[in-house]
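What follows is the residue order along each chain.
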Amino acid sequence: MAEGKLIIFSAPSGSGKTTLVHHLLTKQEKLAFSISCATREKRGHEIDGKDYYFISSEDFEKKIQNNEFIEYEEVYEGTYYGTLKSEVERIWKLGKHVIFDIDVVGGLNIKKQFGTKALAIFVQPPSVDELQRRLEERSTETPEKIAMRIAKAERELAFAKDFDVVLINDNLEQAKKEVEKLVQNFIN
């Protein structure tokens, strides 16, 4: 099986990484999105098997025991996210490169395993205040959840230096152009 490359996007929630990943998927046909497993409930318009593979905590823990994950993490108590080995293999079989929209610890774990075959991009918000404003603007979560995400973001920002590239997303159009160039150079 021909192995492709891996492009990792990590960032605190609300930094714009998902928007940038979706943009790249429309611009670069050699990329395919790695669908993560999650034990949380679906939100809004999310679709099982497209946005995430939604599974129970029991199923997730069985997969951990069977060594089926490249990486996984208990992001919040009782809420697991992870990347299945079979998901990366599925994409490589299509002859494509894998693109990840993944939390910071998971992103660094993948980078550690795959080294130069992986490009790890940290999308940084212009400031924590701006991040909070973006999360509040979404109107998808309670003030308590937002406070939890901000506290987590402050911890995650300390990991930015461990990534190959830190992209400050203060201008979305500029950030889109930058990631197009970064990814194009990496996969060629």
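An account of the accompanying structure is given in this report.

What counts and what doesn't
- Residues numbered from 1 in each chain as written.
- Predicted model: local features only at pLDDT ≥ 70, side-chain atom pairs only at ≥ 80, totals over all residues.
- Heavy atoms only, no water.
- Buried < 20%, exposed > 50% of the residue type's maximum accessible area, 1.4 Å probe, protein only.
- Helix = DSSP H or I, 4+ residues; strand = E, 2+ residues; numbered from the N terminus.
- Pairing = 2+ DSSP bridges.
- Axes fitted to C-alpha atoms, helices over the stretch in contact; angles between N-to-C directions.
- Contact = heavy atoms within 4.5 Å.

**Some points on the pairing of strand β1 (residues 6-10)**
- For β1, the tally of buried residues reaches 5 of 5 residues, placing the bulk of the element in the interior.
- Side chains L6, I8 and S10 project from β1 onto one buried face, and the interleaved I7 and F9 project onto a second face that is buried too.
- Examined bridge by bridge, β1 and strand β8 (residues 118-124) share 5 bridges and lie parallel to one another. In the strand pairing of β8, S10 is matched with F122.

**Quick look at the sheet that holds strand β7 (residues 97-101)**
- With respect to topology, 5 strands assemble into an open sheet ordered β2-β7-β1-β8-β9, the strand pairing being parallel. Single-partner strands in this sheet number two, and they are β2 (31-33) and β9 (165-168). Neighbour to neighbour, the strand axes of the sheet diverge by 25° on average, direction disregarded.
- Each of β1, β2 and β7 touches helix α3 (residues 85-93); the most contacted strand, β7, lies at about 140° to it.
- Where helix α4 (residues 104-114) meets the sheet, its contacts fall on β1, β7 and β8, and the angle it forms with β1 comes to roughly 155°.

**Considerations on the sheet that holds strand β6 (residues 79-84)**
- Ordered by their spatial adjacency, 4 strands build an open sheet running β4-β3-β6-β5, and the pairing between neighbours is mixed. Because the sheet does not close on itself, it has two edges, and the strands there are β4 (52-54) and β5 (69-76). The average angle at which neighbouring strand axes cross in this sheet is 25°, direction not considered.
- Pairing of strand β3 (residues 36-38) with β4 involves 3 bridges; the strand directions are parallel. In the sheet register, C37 faces β4, and the bridge partner there is Y53.
- With respect to the sheet, helix α2 (residues 57-65) is in contact with β3, β5 and β6, its orientation differing from that of β6 by roughly 45°.

**Some thoughts on unusual backbone geometry**
- Within the chain, N67 stands out as a residue other than glycine whose phi angle is a positive 55°.
- Within the secondary structure, N67 sits in the loop between α2 and β5.

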